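Summary of structural features
As a plain string of letters, each chain reads:
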Amino acid sequence: MSESKTKAERLVAIVRRWADLYQGVCELAQQRPITTNDFDAISELVAVDKFKRTGIYKDEADWPLCLEKYLQFSGSSTWRGKVRFMHVVENVVFQELEETITRAQGENVIYTMSVYEFDENEKVTALRVYMQQAQDNANVLILGEKGR
């Protein structure tokens, strides 16, 4: 097995783990109030000092703000992600998901493309999210100053 294939498999496993962990936190939030500590396993996947997330409205967040918004979102929603496509190019993983978000006002199915960038230590340094959804739904996680 080539080194690049081994690395690609490791990066895909990290992205899959992130989604599994996030879904677990959302499920946990249905049983009890969650805290930022519930995201510790995800934080271990991130280069927290270099991380930047760019959302669908070009909203940007460092890891502390991203974590704050994840806490708000997962506390009010359940989330399931079904992988439609994953591809690795060097230190970048492209992940297409069919996401189901359930809130008090109903269920929303959206399609997202998330681009994960990794550093030399295989920690996530950047996450960019692109999305398709029906026009009449508002289950969108907005980060950054305007999204506060």
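Scroll up a little and you will see the structure.
**With respect to the pattern of salt bridges**
Think of it this way: side chains of opposite charge can pair up when their charged atoms draw near. Under the criterion given, the structure shown has seven salt bridges. A salt bridge links arginine 84 to glutamate 98; its shortest N-O distance comes to 3.7 Å. With arginine 84 in strand E3 (residues 78-89) and glutamate 98 in strand E4 (residues 92-103), the pair connects residues that are 14 residues apart, well separated along the chain. For arginine 84, a relative accessible area of 43% puts it in the partly exposed group. In this structure glutamate 98 comes out as partly exposed when scored by relative accessible area, which is 23%. Note that glutamate 117 and arginine 128 form a salt bridge whose closest N and O atoms lie 2.4 Å from each other. Separated by 11 residues along the polypeptide, glutamate 117 in strand E5 (residues 106-118) and arginine 128 in strand E6 (residues 124-132) bring together distant segments of the chain. By relative accessible area, glutamate 117 is classed as partly exposed at 27%. Judged by its relative accessible area of 26%, arginine 128 falls in the partly exposed class. Through salt bridges with shared partners, one network takes in Arg84, Glu96 and Glu98.

**Points about the sheet that holds E5**
The strand order across the open sheet built from six strands is E2-E1-E6-E5-E4-E3, with neighbouring strands paired in mixed fashion. A single partner strand is all that each edge strand has here, and the edge strands are strand E2 (60-61) and E3. Bridging between strand E1 (residues 52-54) and E2 involves two bridges; their strand directions are antiparallel. Across the sheet, the residue bridging to threonine 54 is glutamate 60, located in E2.

**Examining helix H3 (residues 63-76)**
One turn of the α-helix equals 3.6 residues, which is why residues spaced by three or four share an orientation. Across its 14 residues, H3 extends 20 Å between first and last C-alpha, which sits within 8% of the 20 Å expected from 1.5 Å per residue. Listed in full, the buried residues belonging to H3 are Trp63, Leu65, Cys66, Leu67, Lys69, Tyr70, Phe73 and Ser74. Backbone nitrogen of leucine 65 and a side-chain oxygen of the N-cap are separated by 3.0 Å at the start of H3; the cap is aspartate 62.

Scoring rules and cut-offs
- Residues numbered from 1 in each chain as written.
- Predicted model: local features only at pLDDT ≥ 70, side-chain atom pairs only at ≥ 80, totals over all residues.
- Heavy atoms only, no water.
- Salt bridge = Lys/Arg side-chain N within 4 Å of Asp/Glu carboxyl O.
- Helix = DSSP H or I, 4+ residues; strand = E, 2+ residues; numbered from the N terminus.
- Buried < 20%, exposed > 50% of the residue type's maximum accessible area, 1.4 Å probe, protein only.
- Pairing = 2+ DSSP bridges.
- Expected span 1.5 Å × (residues − 1).
- Polar contact = N/O pair within 3.5 Å; in protein donor to acceptor, adjacent residues only side chain to side chain.

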